[in-house]
Amino acid sequence: MDKTDLRSLTLKELTAELEKMGEKQFRAKQIYGWLHQKQVTDFSEMTNLSKALREKLKEKYTIKNLKIVEKLISKEDNTIKYLFDIGDNVVIESVLMRYSYGNAVCISSQAGCRMGCTFCASTADGLERNLLAGEMAAQIYEIQKDIGERVSNVVIMGSGEPLDNYDNVMDFLEIIHSGEGNNLSHRHITLSTCGLVDKIYDLARENLQITLAISLHAPNNLIRQNTMPVARRYDFDSLIKAAKDYADSTKRRVTFEYALIKGVNDSEECARELASKLRGIMCHVNLIPVNDVKENNYIRSSEENIKHFAGILKSLGIETTIRRKLGSDINAACGQLRKSYKDKVEGVEGLNLTL
Ligand code: SAH
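These numbers were taken from a predicted model, which means no experiment stands behind them. (Residues numbered from 1 in each chain as written. Predicted model: local features only at pLDDT ≥ 70, side-chain atom pairs only at ≥ 80, totals over all residues. Heavy atoms only, no water.)

In this section: the pattern of salt bridges. Inspection of every chain in the model, using the stated rule, returns 18 salt bridges. We note a salt bridge from Glu55 to Lys58, for which the minimum N-O separation is 3.9 Å. Taken as a pair, Glu55 and Lys58 lie in helix H3 (residues 51–60) at a separation of three residues, close to a single helical turn. Across the pair Arg114 and Asp164 runs a salt bridge, and its minimum N-O distance is 2.7 Å. Taken together, the residues span a long stretch of sequence, with Arg114 in the loop between strand S7 (110–112) and strand S8 (127–130) and Asp164 in the loop between strand S9 (153–156) and helix H5 (166–177) at a distance of 50 residues. Its relative accessible area of 57% is what places Arg114 among the exposed residues. Through salt bridges that share partners, Glu17, Lys20 and Lys60 make up one connected network. (Salt bridge = Lys/Arg side-chain N within 4 Å of Asp/Glu carboxyl O. Helix = DSSP H or I, 4+ residues; strand = E, 2+ residues; numbered from the N terminus. Buried < 20%, exposed > 50% of the residue type's maximum accessible area, 1.4 Å probe, protein only.)

The subject of this paragraph is H5. The terminal C-alpha atoms of H5, which comprises twelve residues, lie 17 Å apart, in line with the 16 Å expected from a rise of 1.5 Å per residue. Within H5, burial applies to Tyr166, Val169, Met170, Phe172, Leu173, Ile175 and Ile176. (Expected span 1.5 Å × (residues − 1).)

Taken together, 15 residues surround the ligand, and among them Phe119, Ser192, Ser215, His217 and Asn291 come closest. At 2.6 Å, a side-chain N or O of Ser192 approaches an oxygen atom of the ligand. In this structure, Thr193 approaches the ligand through a main-chain N or O atom, which is 3.4 Å from an oxygen atom. Relative to its unbound accessible surface of 530 Å², the ligand loses 94% to contact with the protein. (Near = heavy atom within 4 Å. Polar contact = N/O pair within 3.5 Å; in protein donor to acceptor, adjacent residues only side chain to side chain. Areas by Shrake-Rupley, 256 points an atom, 1.4 Å probe, with all protein chains shown as cover.)

Attention now moves to the side chain of His284. With respect to the helices, strands and loops of the structure, His284 is situated in strand S13 (residues 283–289). A polar contact is formed between the side chain of His284 and the side chain of Thr321, at a distance of 2.9 Å. Filtering out sequence-adjacent residues up to four positions away, His284 remains in contact with Arg253, Val254, Thr255, Phe256, Glu319 and Thr321. (Contact = heavy atoms within 4.5 Å.)

Turning our eyes to something else, we now look at unusual backbone geometry. Of all residues except glycine, most have a negative phi; of all peptide bonds, most are trans. Positive phi values are uncommon outside glycine, yet Gln39 reaches one of about 60 degrees. Its identity as a non-glycine residue notwithstanding, Asn78 has a phi of 65 degrees, on the positive side.

This next bit is on the environment of Asp292. Here Asp292 lies in the loop between S13 and helix H11 (303–315). Along the sequence, Asp292 and Tyr246 sit 46 residues apart, while their C-alpha atoms lie 32 Å from each other. Within polar-contact distance, the side chain of Asp292 engages the backbone nitrogen of Arg300 at 2.9 Å.

Turning to the packing of aromatic side chains, a few remarks are in order. Going through the model one piece at a time under the given rule, you end up with three aromatic pairs. For the pair Tyr82 and Phe84, a centre-to-centre distance of 5.7 Å together with 5 degrees between the ring planes defines the contact as stacked. With a relative accessible area of 0%, Tyr82 lands in the buried category. The class for Phe84 is buried, based on a relative accessible area of 0%. Consider the rings of Tyr99 and Tyr101, whose centres lie 5.0 Å apart with planes at 10 degrees: the pair is stacked. In this structure, Lys38 is placed above the aromatic ring of Trp34, and the distance from its NZ or CZ to the ring centre is 4.4 Å. (Phe/Tyr/Trp six-rings, centres within 6.5 Å; stacked < 30°, edge-to-face > 60°. Lys NZ or Arg CZ within 6 Å of the ring centre and 35° of its normal.)

Another aspect to go through is the pairing of strand S3 (residues 67–73). Of the pairings in the sheet, the one linking S3 to strand S4 (residues 80–85) comprises six bridges and is antiparallel in character. By the bridge assignment, Ile73 is partnered in S4 with Ile80. The turn linking S3 back onto S4 is made up of six residues, and Asn78 within it adopts a positive phi angle of 65 degrees. (Pairing = 2+ DSSP bridges.)

What follows concerns the confidence of the model for the protein. Per-residue confidence for the protein gives a mean pLDDT of 93, with 93% of residues at or over 70. A low-confidence stretch, residues 347–355 (pLDDT under 50), is modelled with 26 contacts involving residues beyond four sequence positions or located in other chains. (pLDDT = per-residue confidence, 0-100.)

Written out as structure tokens, the structure is:
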């Protein structure tokens, strides 16, 4: 049987585990501190534990570490893209973005994805596996170690659908936020979902101070269904209602992400329809110039068009920003590095995504 990953346990779980082993409670705090404050990667580094206890821990647990396989540094803006091996030849990716306010990291929540959005490289080979809470935290710890600086903001916007890996993501949010650990404020964390409506309601009940981002990418169900299969399971209006209920109950402004694809979702009518659907919701729209996807003939809207689209939304009272593109010289978009790496290793012809 696989050993339990020690880094994936919340402090409460760790305390219960140590009690079962006949150890005192404070030992749990010590171990948790080693893992999440000092961020060690091996039992041998937990030097204030007796050798006997370390041996006992090793018998029952493992620490699932990530290994950097590739690291690409953008010459344009210091964005760094990491490809991590999480064991058994499974790779995931994370991106470090440098902003004036600090270091933001985009982490993956799954290896691959099963949501099937037609514009997204992460989903091309389906879902490989869910990530454990500790594997999400380790992406941040490894990057902090690599750059020798603290990560101040986290977006769960890499490969995977976080609400499709709900329990592990909730454990991750608790672990990364814990004052006994890495101590990152929930206000500095954004979770991005393609819109699993039931899970949005579950998340609202957790009443966390995180920002919820919803990948909308369309002003109605017809257009949304063309690019996002999830829209066949949860229709547009129920998603918008869930977003409104989420904002109302958590008092947190929701972000709608909207990747503009030429001729698909970027017309003036689309902008007007979107504004009418979002009226009355405490929200903000983030327009994303789509990364071209050749086999679907998805081409990025022109800069002029994106500005025009933003202008219409703003004139209709919807707060709107246009996402600045970072790291475009290093395949920094969702799933692209992992995909090209897998194709290289497995000898499959690539999806041929270009930026
Ligand atoms: N599953 C989650 C998080 C991962 S995707 C979600 O859907 O939100 C992170 C963001 O990148 C999403 O908004 C996704 O729609 C967007 N994205 C994926 N492929 C893209 C592409 N080719 N161009 C622009 N944005 C893309």
